[in-house]
Amino acid sequence: MRIISLCKGTHDISVCVNDKERRYIMENSTLIRKIHMDCPLCDKTHEVEERKRLATITLKGDKVSYEERFYFCAKADDTENEFESGSMSNSNLLNARNAYRVKHGLLTSDEIVAIRDSYGLSQVDLARLLGWGEATISRYESKAIQDEAYDTMLRLIKDNPLQALEFLKKNNNKFPSAKRFEVRAKIVEKLDSYGKEYLTRQAFEGEYANFEEPSDSNGFVLLNIDKIEAAISYIAENVANLFKVKLMKMLWYADALSYKVNGYAITGLVYRHNEMGALPIGHYSLMNLENLNIHEEVSINYDSMLHIYPSNDMDYSVLSDGDKNILDAVIRKFKNYKAKEIVDYMHDERAYRETNPGDIIPFSIAKEIKDFN
Ligand SMILES: [Zn+2]
């Protein structure tokens, strides 16, 4: 309990009449509730008023107004007749700091908590992610006012998980490796939770944040979403009844064949060994790309199936003649394959037999595809 001196004015204490002061308090504050409690002023249990009022405080050299709560004892007859509990005192200070933040355009403590919650991260993990001392976020949520530079960094990740991934890349070394994967998964989850309509190319790119260099994983080509959309629509123009499973295999064959023939893939997709054959990383996001013409259909077994149609107004100029030749070869080969047939065909590839479930399929093995004729 902190007992506050009643007389805030600079008047002579002798003219401070209790009744007058009481009236002043009543007139300048609002009653919240009356409660029975141990009154530290009377040393008795009796009814005390919880009240609120506008107060001012000087923080970082600036005078700010904020809402302050206090208990008022109408029975005390000396000059001390209000007091605060410890938690009240803390929340008054928090209000004062937040008033300063609002005035200076900084995130409030609640907003900082909300950003952290949106990623599902602990205070320590968010602090590490941003490259700060481990206690920094905890302090900003409860005690200190953040500097503007820190505020800017928090705003950067607020609605932008991709930026959070960037920070993770930069501050990788701050996390033990298991923790790093956990934090990464949480950020990717936030990317996903943006929902179907927001899963644009940005989110898709986010899933390829680990593949920003040409390598054996992406066929020495960086993710090229324009080409992916064009290739998918191109295949759909030439293959009737094209569904997701078959399309995924045809994309892999196109990339594998291109790598075999030219030494580089077409799309920049990275494929994993999946039960049904090669499956690109980010395939859910991929199927939500804006320029694709995909309809969800329900099979006789009530399974949801994604039917891929050609897109109107697709720009095929992003595909080189070489790319088209590769796609044409893949279309000729698999045009009439049913999904199960192309899956079985792929199961016999070295790329499938020599990798384990979940493994990335290296293009150095993918290029060993069986002859197409
Ligand atoms: Zn009292």
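These figures come from a predicted structure and were not determined experimentally.

Turning to the overall build of the protein chain, a few remarks are in order. Secondary structure assignment for the protein chain yields 16 helices and nine strands. Here the protein chain has a C-alpha radius of gyration of 32 Å; the compact-globule value for 373 residues is 21 Å, and the former is much larger. A principal-axis box enclosing the C-alpha atoms of the protein chain has dimensions of 110 × 45 × 35 Å. For the protein chain, the residues scored as buried account for 46% of the 373 residues in total. Contacts in the protein chain between residues far apart in sequence, at least 24 positions, make up 62% of those at least 6 positions apart. Entry remark: accessible area of the protein chain is about 19400 Å², with carbon and sulfur atoms responsible for 48%. Charged side chains of the protein chain number 50 positive and 59 negative; the gap between the two group centres comes to 2 Å.

As a further point, take helix H10 (residues 225–238). If you check H10, its first and last C-alpha atoms are 20 Å apart, about what 14 residues at 1.5 Å a residue would give, namely 20 Å. In terms of burial, H10 is a largely internal element, 11 of the 14 residues being buried. Buried residues in H10 make contact with helix H9 (201–207), helix H11 (244–262), helix H12 (283–286), strand E9 (304–309) and helix H13 (321–334). With a side-chain oxygen positioned 3.3 Å from the backbone nitrogen of aspartate 226, the residue opening H10 is asparagine 224.

On to the packing of H10 against H13, then. It is the contact of H10 with H13, at a shortest axis distance of 10 Å, that shows an interaxial angle of 40 degrees. Judged on the interaxial angle alone, H13 and H10 are oblique. Here H10 runs over H13; the crossing is right-handed. Mapping the contact onto sequence places Lys227, Ala231, Tyr234, Ile235 and Asn238 in H10 and Asp323, Lys324, Leu327, Asp328 and Ile331 in H13. Class assignment of the residues belonging to the contact of H10 with H13 gives a composition of five nonpolar, one polar and four charged.

The rules behind the values
- Residues numbered from 1 in each chain as written.
- Predicted model: local features only at pLDDT ≥ 70, side-chain atom pairs only at ≥ 80, totals over all residues.
- Heavy atoms only, no water.
- Helix = DSSP H or I, 4+ residues; strand = E, 2+ residues; numbered from the N terminus.
- Rg over C-alpha atoms; globule rule 2.2 N^0.38 Å.
- Buried < 20%, exposed > 50% of the residue type's maximum accessible area, 1.4 Å probe, protein only.
- Contact = heavy atoms within 4.5 Å.
- Areas by Shrake-Rupley, 256 points an atom, 1.4 Å probe, with all protein chains shown as cover.
- Lys, Arg positive; Asp, Glu negative; His and termini not counted.
- Charge placed at Lys NZ, Arg CZ, Asp CG, Glu CD.
- Expected span 1.5 Å × (residues − 1).
- Polar contact = N/O pair within 3.5 Å; in protein donor to acceptor, adjacent residues only side chain to side chain.
- Axes fitted to C-alpha atoms, helices over the stretch in contact; angles between N-to-C directions.
- Parallel < 35°, antiparallel > 145°, perpendicular 65-115°, else oblique.
- Left-handed = near helix turned anticlockwise from the far one by under 90°.
- Nonpolar A, V, L, I, M, F, W, Y, C, P; charged D, E, K, R; others polar.

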